[in-house]
Amino acid sequence: VSACAHAALILLYPLEWQHIFIPVLPRSMLSYACAPMPFVLGVLSRHMPLLQNEPMEKVLFVHLEQGRLSGDSEVLEMAALPKPPRDALTTILQR
């Protein structure tokens with residue numbers, strides 16, 4: 001989880017993440033995900049059911065083991081790649 005969280009921040013290059021970053025959020029601190037500020041948190045999959053019971057807004061979940069994203073529709077729309085780069089990337093990956 002920690003390596004994946006760090007890799008996500010590297011993908012922002014040349015930008016640099018300036019907000020809260022917790023590579024692996026302990027179970028005892030899951031309520032921190034309710035904070036009204038930007039954050040990147042690594043969460044073990046076994047803690048996800050507990051985390052999803054917390055009152056959170058505008059959160060994007062990246063399920064690495066399942067290869068999918070989840071969250072409310074507004075957040076998913078903001079996370080989507082625009083069509084031209086998405087199509088180009090899909091073509092390259094299918095080679």
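See the structure above.
None of the values given here were measured: they were computed from a predicted structure.

What counts and what doesn't
Residues numbered from 1 in each chain as written. Predicted model: local features only at pLDDT ≥ 70, side-chain atom pairs only at ≥ 80, totals over all residues. Heavy atoms only, no water. Salt bridge = Lys/Arg side-chain N within 4 Å of Asp/Glu carboxyl O. Helix = DSSP H or I, 4+ residues; strand = E, 2+ residues; numbered from the N terminus. Buried < 20%, exposed > 50% of the residue type's maximum accessible area, 1.4 Å probe, protein only. Contact = heavy atoms within 4.5 Å.

Details of the pattern of salt bridges
So, point 1. Under the counting rule described, the total for this entry stands at two salt bridges.
So, point 2. For the salt bridge of K58 with E74, the shortest nitrogen-to-oxygen distance reads 3.6 Å. Residue K58 is found in the loop between α2 (48–51) and β3 (60–63), and its partner E74 is found in helix α3 (residues 73–79); the two are separated by 16 residues along the sequence.
So, point 3. A relative accessible area of 54% means that K58 is categorised as exposed.
So, point 4. Judged by its relative accessible area of 41%, E74 falls in the partly exposed class.
So, point 5. Between K83 and D87 there is a salt bridge, with its nearest N and O atoms 2.8 Å apart. Of this pair, K83 and D87 both sit in helix α4 (residues 83–93), four residues apart, roughly one helical turn.
So, point 6. Take D87: its relative accessible area is 33%, and that puts it in the partly exposed class.

Brief notes about the side chain of H47
So, point 1. Tracing the backbone through its elements, the reader meets H47 in the loop between β2 (39–41) and α2.
So, point 2. H47 sits in the buried class, given a relative accessible area of 10%.
So, point 3. For H47, the residues in contact, after removing those within four places along its chain, are L25, R27 and L30.

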